[in-house]
Amino acid sequence: GTLAVTRSIGDEAVGDAMMAEPHLFSKTLQPQDQFIILASDGLWDVFKEEDAAEMVQLAISSADRPEPNIAKLLVQQALDRRTPDNVSVIVVFL
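Criteria and thresholds
Residues numbered from 1 in each chain as written. Predicted model: local features only at pLDDT ≥ 70, side-chain atom pairs only at ≥ 80, totals over all residues. Heavy atoms only, no water. Axes fitted to C-alpha atoms, helices over the stretch in contact; angles between N-to-C directions. Helix = DSSP H or I, 4+ residues; strand = E, 2+ residues; numbered from the N terminus. Parallel < 35°, antiparallel > 145°, perpendicular 65-115°, else oblique. Left-handed = near helix turned anticlockwise from the far one by under 90°. Contact = heavy atoms within 4.5 Å. Nonpolar A, V, L, I, M, F, W, Y, C, P; charged D, E, K, R; others polar. Patch = residues over 30% accessible without salt bridge, like charges linked within 9 Å, V, L, I, M, F, W, Y side chains within 5 Å. Areas by Shrake-Rupley, 256 points an atom, 1.4 Å probe, with all protein chains shown as cover. Salt bridge = Lys/Arg side-chain N within 4 Å of Asp/Glu carboxyl O. Lys, Arg positive; Asp, Glu negative; His and termini not counted. Charge placed at Lys NZ, Arg CZ, Asp CG, Glu CD.

Participant: Can you break down the packing of helix H3 (residues 49–61) against helix H4 (residues 70–80) residue by residue, with the values?
Facilitator: At a minimum axis separation of 10 Å, H3 and H4 run at an interaxial angle of 140°. Put simply, H3 runs oblique to H4. For the pair H3 and H4, the sense of crossing is right-handed. Within the contact between the two elements, H3 uses Ala52, Met55, Val56 and Ala59 and H4 uses Ile70, Leu74 and Gln77. Residues belonging to the contact of H3 with H4 are distributed by class as follows: six nonpolar, one polar and no charged.

Printed below as a string of structure tokens:
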């Protein structure tokens, strides 16, 4: 109840509970890569990477074109699985 994310970075009252360092990694894309899922930890708290990717893959393989609301579907699934955190999702098709 005391943490406002917009002002939490550098807020001395929160101490080490909040860090300003994002989780970053790099990966060389391969020709077979079709999409990237960018999501907050609210999704990853309740989804394994493989399960989220499979859901996106099913949505794009079962239609003539990619499902326009696949990010919304992932968010809803995370909420249905009772994620304890906020959820933001963007699916980038390559």
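From this point, the discussion proceeds with the structure in view.
Participant: I'd like to hear about a negative patch on the surface, residue by residue, with values.
Facilitator: A surface patch of like charges, here negative, comprises Glu49, Glu50, Asp51 and Glu54. Structurally, the position occupied by glutamate 50 is in helix H3.

Participant: Run through unusual backbone geometry, naming residues and quoting values.
Facilitator: A negative phi holds for most residues other than glycine; trans holds for most peptide bonds. Despite not being glycine, arginine 82 has its phi angle at roughly 65°, a positive value. As for its position among the elements, arginine 82 is in the loop between H4 and strand S2 (89–93).

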